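# Breakdown of the fold
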Amino acid sequence: MHSANHWGGSLEIYNGAESTTDDEKSRNMEWDKAALQPQHHHLDETQQSWLLYPQETKKKKHVDLGCVACSHKALKWTLYAFVFALLVIALPIILVKTLPKHNSKPPPPDNYTLALRKALLFFNAQKSGKLHKNNGIPWRGDSGLQDGNGTDFSKAGLVGGYYDAGDNTKFHFPMAFAMTMLSWSVIEYRQKYEAIGEYQHTRDLIRWGTDYLLLTFNSSASKIDKIYCQVGGSRNGSILPDDHYCWQRPEDMDYPRPTQVVNSGADLAGEMAAALAAASIVFRDNEAYSKKLVRGAVTVYDFARDGGRRGAYSSGNDYIQPYYNSTGYYDEYIWGATWLYYATGNITYIKLATEPGFSKHSKALLSIPDLSVLSWDNKLPAAMLLLTRYRIFLNPGYPYEEMLHMYHQKTELNMCSYFQQFDVFNWTKGGMIQLNHGTPQPLQYVANAAFLASLYVDYLNATRVPGLNCGPKFISLDLLRSFATSQINYILGDNPMKMSYVVGYGTKFPRHVHHRGASTPSDKTRYSCTGGWKWRDSSKPNPHNITGAMVGGPDRFDQFRDVRTNYNFTEPTLAGNAGLVAALASLTSSGGIGIDKNSIFTAVPPLYPPSPPSPPAWKP
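Residues numbered from 1 in each chain as written. Predicted model: local features only at pLDDT ≥ 70, side-chain atom pairs only at ≥ 80, totals over all residues. Heavy atoms only, no water.

## Overview of the UniProt feature "active site" (unreviewed entry) in the chain
When the UniProt feature table is mapped to this numbering, "active site" (unreviewed entry) covers His514, Asp562 and Glu571. Taken along the chain, the residues just named run across 58 residues; in space they keep tight, none of their C-alpha pairs more than 10.2 Å apart. Of note, His514 is situated in the loop between α17 (477-492) and α18 (516-519). Once you skip the residues sitting within four places of it in the chain, His514 turns out to touch Gly166, Trp247, Arg564, Thr565, Tyr567, Thr570, Glu571 and Pro572. Within the secondary structure layout, Asp562 lies in the loop between α19 (533-536) and α20 (567-570). Every residue in contact with Asp562, bar those within four places of it in the chain, is listed here: Phe509, Pro510, Arg511, His512 and Thr570. At a separation of 2.9 Å, a polar atom in the side chain of Asp562 contacts the main-chain amide nitrogen of Arg511. (UniProt positions renumbered as here; feature names shortened; annotations may be inferred. Helix = DSSP H or I, 4+ residues; strand = E, 2+ residues; numbered from the N terminus. Contact = heavy atoms within 4.5 Å. Polar contact = N/O pair within 3.5 Å; in protein donor to acceptor, adjacent residues only side chain to side chain.)

## Topic: the state of the cysteines
Tallied over the entire structure, the rule returns two disulfides. A disulfide bridge connects Cys246 with Cys529, and the sulfur atoms are separated by 1.9 Å. An S-S torsion of about -90° defines the bridge between Cys246 and Cys529 as left-handed. Here the residue Cys246 occupies a position in the loop between β6 (227-231) and β7 (259-262), and Cys529 occupies one in the loop between α18 and α19, the gap between them amounting to 283 residues. Since its relative accessible area comes to 1%, Cys246 is described here as buried. Disulfide pairing places Cys416 opposite Cys470 at an S-S distance of 1.9 Å. Taking the sign of the S-S torsion, about -90° here, the bridge from Cys416 to Cys470 comes out left-handed. Highlighted residues: Cys416 in helix α15 (residues 401-417) and Cys470 in strand β8 (residues 467-470), separated in sequence by 54 residues. Residue class for Cys416 comes out buried when judged on its relative accessible area of 7%. Assessed through its relative accessible area of 6%, Cys470 is described here as buried. When the bonded cysteines of the chain are numbered from the N-terminus onward, they pair as 1-4, 2-3. (Disulfide = S-S within 2.5 Å. Buried < 20%, exposed > 50% of the residue type's maximum accessible area, 1.4 Å probe, protein only.)

## Focus on the nonpolar core
Counting residues in each nonpolar core, the largest one holds 166 residues, and the members touching the most others are Trp184, Ile227, Trp339, Tyr342 and Ile488. When residues in this core are grouped by element, the largest group, 14 residues, is from helix α16 (residues 443-462). Not counting chain neighbours up to four residues away, the residues in contact with Trp339 comprise Thr180, Trp184, Ile187, Ala274, Ala277, Ala278, Ile281, Leu386 and Ile600. Counting residues in hydrophobic clusters, the runner-up holds five residues, among them Cys246, Met253, Tyr255 and Cys529. (Core = buried A, V, L, I, M, F, W, Y, C linked by side-chain atoms within 4.5 Å.)

## Regarding the pairing of β8
Pairing analysis gives four bridges linking β8 to strand β9 (residues 473-476), with the strands arranged antiparallel. Bridging across to β9, Cys470 finds its partner in Lys473. (Pairing = 2+ DSSP bridges.)

## Some thoughts on the sheet that holds β7
If you walk across this open sheet you meet the three strands as β5-β6-β7, and the pairing is antiparallel. Looking at which strands have only one partner, the edges of the open sheet turn out to be β5 (170-171) and β7.

## Quick notes on the pattern of salt bridges
Taken as a whole and assessed by the stated rule, the structure comprises 21 salt bridges. In this structure, the salt-bridge partner of Glu251 is Arg249, at a minimum N-O distance of 3.5 Å. Owing to a relative accessible area of 12%, Arg249 belongs among the buried residues under this scheme. Residue Asp306 pairs with Arg309 through a salt bridge whose shortest N-O separation is 3.5 Å. Under the relative-accessibility criterion, Arg309 is labelled buried at 19%. Connected through salt bridges with shared partners, the residues Arg140, Arg249, Glu251 and Asp252 form a single ionic network. (Salt bridge = Lys/Arg side-chain N within 4 Å of Asp/Glu carboxyl O.)

## Here's the deal with the environment of Leu385
Residue position: Leu385 is located in helix α14 (residues 380-394). Sequence-wise, Leu385 and Thr411 are 26 residues apart; in three dimensions their C-alpha atoms are separated by 5.9 Å. Excluding anything up to four places from it in sequence, Leu385 contacts Trp184, Thr411, Leu452, Leu455, Tyr456 and Tyr459.

## Things to note about the packing of helix α8 (residues 266-282) against helix α9 (residues 287-305)
Closest axis-to-axis distance for the α8/α9 pair is 8 Å, and the angle between their directions is 160°. One finds that α8 runs roughly antiparallel with respect to α9. The way α8 lies across α9 gives a crossing that is left-handed. In this structure, α8 uses Ala266, Ala269, Gly270, Met272, Ala273, Leu276, Ala277, Ala279 and Ser280 to contact α9, whose residues at the interface are Ser290, Leu293, Val294, Gly296, Ala297, Val300, Tyr301, Phe303 and Ala304. (Axes fitted to C-alpha atoms, helices over the stretch in contact; angles between N-to-C directions. Parallel < 35°, antiparallel > 145°, perpendicular 65-115°, else oblique. Left-handed = near helix turned anticlockwise from the far one by under 90°.)

## Details of the confidence of the model for the chain
Here the chain averages 88 in pLDDT, and 83% of its residues register 70 or above. Between residues 1-41, whose pLDDT stays under 50, and residues either more than four places distant or in other chains, the model counts 11 contacts. The low-confidence segment residues 46-59, where pLDDT is below 50, has six contacts with residues more than four positions distant or belonging to other chains. (pLDDT = per-residue confidence, 0-100.)

## A look at α15
The end-to-end C-alpha separation of α15 is 24 Å, in line with the 24 Å expected for 17 residues at 1.5 Å each. For α15, every residue scored as buried is listed here: Met403, Leu404, Tyr407, His408, Lys410, Thr411, Glu412, Asn414, Met415, Cys416 and Ser417. (Expected span 1.5 Å × (residues − 1).)

## Re the packing of aromatic side chains
By the definition in use, this model includes 34 aromatic pairs. When the ring of Phe122 is compared with that of Phe123, the centres are 6.0 Å apart and the planes differ by 75°; the resulting orientation is edge-to-face. Plain terms: the ring middles of Phe173 and Trp376 are 6.2 Å apart, the flat faces sit at 85° to each other, and that makes the pair edge-to-face. Here Phe173 is found in helix α5 (residues 172-188), whereas its partner Trp376 is found in the loop between α13 (356-362) and α14, with 203 residues between them in sequence. For the residue pair Phe173 and Trp376, the accessibility class agrees, reading buried in each case. One aromatic cluster is present, formed by Trp184, Trp335, Trp339, Tyr341, Tyr342, Tyr390, Phe451 and Phe601 through successive ring pairs. For Lys127, the ring lying beneath its charged end belongs to Trp208, and the centroid distance is 4.5 Å. (Phe/Tyr/Trp six-rings, centres within 6.5 Å; stacked < 30°, edge-to-face > 60°. Lys NZ or Arg CZ within 6 Å of the ring centre and 35° of its normal.)

## Topic: unusual backbone geometry
Here the bond from Tyr398 into Pro399 is cis, since omega is 5°, no more than 30 degrees from zero. Looking at the secondary structure, you find Pro399 in the loop between α14 and α15. In this structure, Asp423 takes a positive phi of about 55° despite not being glycine. You can see Asp423 is positioned in the loop between α15 and α16. The residue Asp558 is not glycine, and still its phi comes out positive at about 70°. Structurally, the position occupied by Asp558 is in the loop between α19 and α20.

And the structure:
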């Protein structure tokens, strides 16, 4: 039988045993043993291919990476993972870093923000003096440039400040209160003003007022004996050319504008001290100006506390008493001292603010509903809330705890009085609380109460207190906030008239506002004192909307008459708008929820002495 010979020829196989001799067997055995020994054979290429090719083409199960050997499968998944990481992680990072950035649009402002921006513009429209080019009210110009000529405090006289309402009078008492309220709202809600782009604008408005207040007394002196308390005005029933008899734009005034000066006026001086001290906190980033405000505040408060000058600034003055008559000054003592303590950290002022005699003379702790109503005349509810802030955040303890605790309790009673279920105040059928017993111009009191309630909610939220007790009934913070929102919503249009009482907000608002500047056209015609009466008595809408002005408001039946000559309905005021601004700032969600808890206390020193240093380590 023949078989293929892989060594290069035919191979014969002999099966017969007889064909093999003993010698041959011996030789074959020797050959076979030699074949078993290792031999080095030099193979040609064909032989190499036959023997080596199958070994080289056998599929490998591992890959040698030099220092590590891994399987094909592991290598494949490693590469897949690397590519996946590149696409999912690295690529987005590269795109974010390289593509141009587009800031996402902020959420649309809420209704309170929209109303707040407008309410601030009212102050621009009320400015007196030489206006900045960017004042933003095209129908207003320079005015009152001769005000206060002959005063002996500064070359500027009494130029500047704000007109109070629809006339051209500058009443310093409510003007100072308005500046305090604006400053307070900025101190508590700075982040909100910044978020809506109104922080610098509001600071400018405050400074316009405080710069002017510094002109009304000798602010460079440490002791003063008089304060200018009013520029312009009129006597009731007067037929002489003055701020009430004449109907002229501020830019066209040509009648005498007398100045009123007082040598005693603890109420006026106390409020001015509060305004200057609060503003000094707003302007702490301007050290020189802040110190100037503090010096002025200290000076006028010393004037207020002077034993020979303790009287109402309006007493016996026919130019003031019918319009902004003050009913006392102990509330301003507490109010001014509290702000001075926050501004200076001087312990003297917190001692005065918690002086038991002040609460006794001001009747702060008595159950008199009217004393729970914040206004330009009554600062008690605001002063007690401000001192309650001190207690709940810093808890100073003895010797102030007793008075602070009582003020805290009275603050909560004030909040309880705002609820309809407790029958402290009447309410209109349309949902407005009647804090002034149904008398005209109610909205300024409503706005102030809304601010106090909303602010107190933020105080309690910051200390994780869920509510307050009104007798046996627990009032949650949501209910207290709902009171504030309901009253501001009423002002903004949620009322039976379906009318916004803030000019320019919404589609239906007063068009016949009692305001000389807004009602007289800017037609380059100068109208005389009585020549402007035709605009006063016209049935046509004002040629200029005085944007942001909160008018006096409806009557006790929720009815409103949009008539220019009826100032009880249609006249705005500086103090009223300041309360509105503060309430709106507290309620807007722009910039987040809550207050700036600590900034107001920056100047307050540590309440307790620092701990002594640890003794040195013992060494043997």
